[in-house]
Amino acid sequence: MSLSERIQDFPLQRISTPLGQVAYRSAGTEGQPLWVLLHGIGSASGSWLAQLQAAQGLGVRILAWDAPGYGQSTPVQPDQPKASDYAARLWAWLDALGSGPVHLVGHSLGCLMASAAAQAQPERVKHLWLLAPAAGYGLADPQVRARKLQERLEKLQTLGPAGMAAQRASAMLSSSASADQLAWVEHTMAQVIPAGYTQASQMLAGDDLATYLRGLSCPVDVACGQADRITPAQGCAELAAGLGLPFHLLGEVGHACPLEAAERVNDLMFTTSSELA
């Protein structure tokens with residue numbers, strides 16, 4: 001069975017909040033320890049398929065959203081949002097679901113959203129996991145920020161989501177990834193909505209991950225694949241070291257580590273955090 005067929009076991013759900021609608025997928029049983037998973041800029045809730053599949057056997061409940069501006073989730077309001085705008089939507093979503101404290105996981109750009117959410121309501125976060133974190137360019141030279149944003153948006157405008165996905169999907173994985181994994185990454189990236197992707201790109205260009213992480217009281221761990229060409233392991237390790245955070249290598253896998261290193265990611269996160277459930 002292909003990955004695109006397996007995701008059908010976790011159909012999209014939708015809920016309205018005071019800040020807009022959120023679409024999401026869920027797995028596990030109500031009352032189990034709750035894990036909330038936030039995808040990256042070219043991804044979606046289905047990018048967490050391997051974690052959704054593992055939830056029941058691990059004795060956890062998982063919620064994976066389509067970020068604001070992705071899928072059927074209402075965009076955030078500012079044209080040039082900060083991670084805090086996405087964090088506000090996250091807590092509005094979880095409030096609408098009546099959730100208690102959570103284990104919060106971000107992948108790539110989702111790490112900025114997750115870290116801003118942890119800073120905003122630290123008492124609700126048991127453990128924060130940052131997988132292949134995108135650090136953001138908020139503290140970079142203004143010319144660097146503008147160039148990075150322009151390059152990303154020009155690629156979107158020139159190629160469109162499908163063309164961008166065809167060109168970039170292979171960069172998300174190592175050379176050892178399966179054809180099915182590559183097809184799933186490309187399919188997911190091809191579904192991005194240009195307006196939502198543009199807002200997320202603005203946030204990446206104008207925000208800074210470390211700013212949200214300083215002073216957090218909850219446990220924070222950083223992990224990355226050794227074959228990651230988008231957020232290379234050396235940079236992730238330096239981010240962790242600079243903030244005094246534990247760092248974990250996930251083996252010879254690429255940027256889409258929740259998919260390509262699913263067993264390692266699941267074992268690391270759920271085993272490490274089990275005593276905090």
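Residue positions are given per chain, counting from 1 as you read along its sequence in written order. Since the coordinates come from a predicted model, pLDDT governs what is reported: local features require at least 70, and pairs of side-chain atoms require 80 or more to be given and counted, while whole-chain, interface and lining totals use all residues. Side-chain numbers come from the whole structure's heavy atoms, not from hydrogens or water.

Engineer: Can you walk me through the pattern of salt bridges in this structure?
Structural biologist: Pairs can form between side chains of opposite charge whenever their charged atoms are close. Any Lys or Arg side-chain nitrogen located within 4 Å of an Asp or Glu carboxyl oxygen qualifies as a salt bridge. Counted under the stated rule, the structure contains 3 salt bridges. For arginine 124, the salt bridge is made with aspartate 95, and the minimal N-O distance between the two is 2.8 Å. Separated by 29 residues along the polypeptide, arginine 124 in the loop between helix 4 (109-120) and strand 6 (125-131) and aspartate 95 in helix 3 (residues 83-97) bring together distant segments of the chain. Any residue under 20% of the maximum accessible area for its type is buried, any over 50% is exposed, and the rest in between are partly exposed; the area is computed with a 1.4 Å probe on protein chains only. Look at arginine 124 and you get buried, because its relative accessible area is 12%. Put simply, DSSP H or I for four residues or longer makes a helix, DSSP E for two residues or longer makes a strand, and each gets a number counted from the N terminus.

Engineer: Please clarify how helix 7 (residues 194-206) should be interpreted in this entry.
Structural biologist: Note that an α-helix has 3.6 residues per turn; residues three or four places apart therefore point the same way. Over its 13 residues, helix 7 runs 18 Å from end to end, which matches the ideal 18 Å to within 8%, given 1.5 Å per residue. Those residues of helix 7 that sit buried are Gly196, Tyr197, Gln199, Ala200, Ser201, Gln202, Met203, Leu204 and Ala205. Here, two residues are considered to be in contact whenever any of their heavy atoms come within 4.5 Å of each other. If you follow the buried residues of helix 7, they end up packed against helix 3, helix 4 and helix 5 (142-168). To estimate the expected span of a helix, subtract one from its residue number and multiply by 1.5 Å.

Engineer: What's the story with the environment of leucine 12 in this structure? I'm lost.
Structural biologist: Mapping leucine 12 onto the fold places it in the loop between helix 1 (3-6) and strand 1 (13-17). Discounting chain neighbours no more than four positions away, the residues touching leucine 12 are Ala23, Tyr24, Arg25, Ser45, Asp66 and Gln72.

Engineer: Please clarify how unusual backbone geometry should be interpreted in this entry.
Structural biologist: Most peptide bonds adopt trans geometry, and most residues besides glycine take a negative phi value. With a phi close to 55°, serine 108 is a non-glycine residue in the positive phi region. Inspection of the secondary structure puts serine 108 in the loop between strand 5 (102-107) and helix 4. Residue classification places serine 108 among the buried positions, given a relative accessible area of 8%. If you check the backbone angles, alanine 132 has positive phi at about 45° while not being a glycine. Considering the arrangement of structural elements, one finds alanine 132 in the loop between strand 6 and helix 5. Look at alanine 132 and you get buried, because its relative accessible area is 0%.

Engineer: How do you make sense of the packing of helix 5 against helix 6 (residues 179-190) when you look at a structure like this?
Structural biologist: How two helices sit against one another is set out by the angle between their axes and by the gap between those axes. Direction vectors running N to C along helix 5 and helix 6 enclose 150°, while the axes themselves pass 8 Å from each other. Overall, the two elements helix 5 and helix 6 adopt an arrangement that is roughly antiparallel. Between helix 5 and helix 6 lies a crossing of right-handed hand. Between helix 5 and helix 6, the residues in contact are Pro161, Ala162, Met164, Ala165, Ala166 and Arg168 and Glu186, Met189 and Ala190, respectively. Three residue categories are used. Nonpolar comprises Ala, Val, Leu, Ile, Met, Phe, Trp, Tyr, Cys and Pro, charged comprises Asp, Glu, Lys and Arg, and polar comprises the others, including Gly. Taken together, the residues of the contact of helix 5 with helix 6 sort by class into 7 nonpolar, no polar and 2 charged. In this analysis an axis means a line fitted to C-alpha atoms, helices contributing only their contacting stretch, and an angle means the value between N-to-C directions, from 0 to 180 degrees. Roughly parallel covers angles under 35 degrees, roughly antiparallel covers those over 145, roughly perpendicular covers 65 to 115, and oblique covers all other angles. Left-handed describes a crossing whose near helix is turned anticlockwise from the far helix by less than a right angle; the clockwise case is right-handed.

Engineer: Even after reading the chapter, I still don't get the layout of surface pockets, so can you show me in this structure?
Structural biologist: If a probe the size of a water molecule is rolled over the atoms, the empty space left behind becomes visible. Counted as a void, the largest pocket has a volume near 640 Å³. A 1.4 Å probe that fits into a set of points on a 1 Å grid over the protein atoms alone but cannot get out defines a cavity; an open set with protein on both sides within 12 Å along at least five of seven lines defines a pocket, and lining residues are those with an atom within 4 Å of a point. Along its surface, the largest pocket is lined by 30 residues, and Tyr137, Arg152, Arg168, Leu204 and Ile230 are the ones closest to its centre. Contributions of two or more residues to the lining of the largest pocket are made by helix 5, helix 7 and helix 9 (233-243). With 7 residues, the single largest contributor to the lining of the largest pocket is helix 5. Split into classes, the residues belonging to the lining of the largest pocket amount to 17 nonpolar, 8 polar and 5 charged. Grid points are joined across faces, edges and corners, and a volume is the space filled by probe spheres set on the points.

Engineer: It is not clear to me how the nonpolar core should be interpreted in this structure. Could you clarify?
Structural biologist: As a rule of thumb, soluble globular proteins bury nonpolar side chains together. Ranked by internal contacts, the top residues of the largest apolar core, which has 90 residues, are Trp35, Val36, Trp65, Leu90, Trp93, Leu104 and Leu128. If one sorts the elements of this core by residue count, helix 4 sits on top with 8 residues. Apart from residues lying up to four places away in sequence, leucine 104 is in contact with Val36, Leu38, Leu90, Ala114, Ala117, Ala118, Val125, His127, Leu128 and Trp129. Residues grouped as a nonpolar core are buried Ala, Val, Leu, Ile, Met, Phe, Trp, Tyr and Cys residues, joined through side-chain atoms within 4.5 Å.

Engineer: Sorry if this is basic, but what is going on with the packing of aromatic side chains here?
Structural biologist: Aromatic rings in a pair are described by how distant their centres are and how their planes are angled relative to each other. Between the rings of Phe, Tyr and Trp (Trp by its six-membered ring), a pair exists once the centres lie within 6.5 Å; its type follows the angle of the planes, with under 30 degrees stacked, over 60 edge-to-face, and the other angles tilted. In the structure shown here, the tally under the stated rule is 3 aromatic pairs. Their ring planes at 55° and their centres at 5.6 Å tell us that tyrosine 24 and tryptophan 93 sit as a pair that is tilted. Of this pair, tyrosine 24 sits in strand 2 (residues 20-27) while tryptophan 93 sits in helix 3, and the two are 69 residues apart along the sequence. The pair formed by tyrosine 24 and tryptophan 93 is uniform in burial state, with each residue classed as buried. Aromatic side chains tryptophan 65 and tryptophan 93 sit 5.6 Å apart centroid to centroid with 20° between the ring planes, which places their arrangement in the stacked category. On the criterion of sequence distance, the pair formed by tryptophan 65 in strand 4 (residues 61-66) and tryptophan 93 in helix 3 is long-range, its members being 28 residues apart. For the pair formed by tryptophan 65 and tryptophan 93, the shared burial category is buried. These aromatic residues form a ring-pair network of at least three members: Tyr24, Trp65 and Trp93.

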